[in-house]
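Here is how the chains run, residue by residue.
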Amino acid sequence: MNSRDYTMLVVEDDPYDAKLIQRAIAKARIVNPVQIVEDGAAAIAYLDGESPYDDREKHPLPVVMLLDLKLPKKSGFEVLAWLRAQPKLGRLPVVVLTSSSETPDINKAYELGANSYLVKPVGTDALVDMLKTVELYWIVSNTKPDLDTN
């Protein structure tokens, strides 16, 4: 098993939240490689293998994506809609990790194909616990789809 085959893609525009997520991943002892992009357009470019993400050795396809909804350039909703329209990439598991607990946002995310919807908890310990659960289910227990075939 190549660890890069189990990369997590985190799409988070807030630098503070991105650092908090990175620290929580380290504290949770999640050893999977983590790639972070800061907006929806960068997420699409990463997933599509566009420059500067065209080197799949440095930027492998993720096994799961943690996606914020409130993003610049393209929203998390737009990223989801684009992703689910892609024949191969459309199978990628997406965990929405956002601060919104609004019912319309939750419903729209699921309608667009989110696999899970998590509201960012207050406090590092709660985030660590949440990320341990994400890792256990989406990376350890879940059988990942093959994104290289139709």
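Look up: the structure comes first, before these words.
Residues numbered from 1 in each chain as written. Predicted model: local features only at pLDDT ≥ 70, side-chain atom pairs only at ≥ 80, totals over all residues. Heavy atoms only, no water.

**Q** Before we move on, could you go through the sheet that holds strand E4 (residues 94-98) and cite the residues and values that matter?
**A** The strand order E2-E1-E3-E4-E5 describes an open sheet built from five strands, whose pairing is parallel. Each end of this open sheet is capped by a strand with a single partner; those strands are strand E2 (34-37) and strand E5 (116-119). Recorded for the sheet is a direction-independent mean angle of 20 degrees between the axes of neighbouring strands. Here strand E1 (residues 8-11) pairs with strand E3 (residues 64-67) via four bridges, running parallel. Along E3, the bridge assignment pairs Val-11 with Leu-67. Its contacts with the sheet place helix H1 (residues 15-27) against E1, E2 and E4, and it is angled at close to 170 degrees to E2. (Pairing = 2+ DSSP bridges. Helix = DSSP H or I, 4+ residues; strand = E, 2+ residues; numbered from the N terminus. Axes fitted to C-alpha atoms, helices over the stretch in contact; angles between N-to-C directions. Contact = heavy atoms within 4.5 Å.)

**Q** Pulling in residues and values, what's your account of the nonpolar core?
**A** In terms of nonpolar packing, the biggest core is built from 26 residues, with Val-11, Val-37, Leu-47, Met-65, Leu-67 and Leu-83 touching the most fellow members. Elements with a contribution of two residues or more to this core: E1, helix H2 (40-48), E3, helix H3 (76-84) and E4. Among the elements that line this core, the one with the most residues is H2, at six residues. Dropping the residues within four chain positions of it, Val-11 is found in contact with Val-37, Asp-39, Ala-43, Met-65, Leu-66, Leu-67, Asp-68 and Leu-71. Grouped together as the second largest cluster of nonpolar side chains are 19 residues, Ile-30, Val-95, Leu-131 and Val-134 included. (Core = buried A, V, L, I, M, F, W, Y, C linked by side-chain atoms within 4.5 Å. Buried < 20%, exposed > 50% of the residue type's maximum accessible area, 1.4 Å probe, protein only.)

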